[in-house]
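# A look at the structure
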Amino acid sequence: GATFRAVVRAPALDAGHGRPGDMFPTYAPGGSGRREGRADRLVEGADGAPTAGEISAAEGLAQSCNAVLIQVAHRFAAADLERRLRALGYGERPGAGLGPERPGTLPPLDRGTWSRIYTHASVAFGHELTVTLWQHAGALATILRGGERRPLRLLSSIERDGEVSALPSPAPVR
């Protein structure tokens, strides 16, 4: 879950949904209260959660603060966040050719959206979805490349009798 927060934060930066210095309430020490219709949900921070009443988006990511990441994720319409996660490879078979592959799961949109206090909030901190290590590594590599997605690969070249042949690398997708 903690490493998934970067996967929510990076598209938020790309979409202009908050700069690193933007301040967010942490709802410390009690946790983040959410209300939807008649339903209430309390999302507490993990052990070591910040105790300050307000921190920056950058600190929220660095300190893995659920309350901040929920607020960042809520700046997206659920369908837009789901589309961006799919663009990073989540919910799809990786196509690595390494035997049976699983697509993982993204929560289905219900009438074009997610419940804001349950699914939408949970996805923000890496819950209610399943991912494979290959998918997650690929998404994190995309973030590290500044948003350029390339399929992961195990080999970049093949050597035979001292001759090195580079394997073609697909063009990146932004």
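This structure is a prediction, so every number in the text was calculated from the model and none was measured.

### Observations regarding the pattern of salt bridges
- Taken as a whole and judged by the stated rule, the model has nine salt bridges.
- A salt bridge links D22 to R75; the shortest N-O distance between them is 3.9 Å. Of this pair, D22 sits in the loop between α1 (4-15) and β1 (23-25) while R75 is found in the loop between α3 (66-73) and α4 (78-87), placing the two residues 53 residues apart along the sequence.
- A relative accessible area of 38% means that R75 is categorised as partly exposed.
- Overlapping salt bridges bring together D14, D80, R83, R84 and R174 as one network.

### Some points on the environment of H120
- Within the element layout of this structure, H120 appears in helix α5 (residues 116-124).
- Filtering out sequence-adjacent residues up to four positions away, H120 remains in contact with A73, H74, F76, A77, A78, L81, W114 and S115.
- At 2.9 Å, the side chain of H120 and the backbone oxygen of A73 are in polar contact.

### Focus on the nonpolar core
- Counting residues in each nonpolar core, the largest one holds 29 residues, and the members touching the most others are F4, V7, V68, L81, L85, Y90 and V123.
- At the level of secondary structure, the elements contributing two or more residues to this core comprise α1, α3, α4 and α5.
- The element that contributes the greatest number of residues to this core is α3, accounting for six residues.
- The contacts of F4, once residues within four sequence positions are left out, are L85, Y90, V123, G126, L129 and H136.

The rules we used
Residues numbered from 1 in each chain as written. Predicted model: local features only at pLDDT ≥ 70, side-chain atom pairs only at ≥ 80, totals over all residues. Heavy atoms only, no water. Salt bridge = Lys/Arg side-chain N within 4 Å of Asp/Glu carboxyl O. Helix = DSSP H or I, 4+ residues; strand = E, 2+ residues; numbered from the N terminus. Buried < 20%, exposed > 50% of the residue type's maximum accessible area, 1.4 Å probe, protein only. Contact = heavy atoms within 4.5 Å. Polar contact = N/O pair within 3.5 Å; in protein donor to acceptor, adjacent residues only side chain to side chain. Core = buried A, V, L, I, M, F, W, Y, C linked by side-chain atoms within 4.5 Å.

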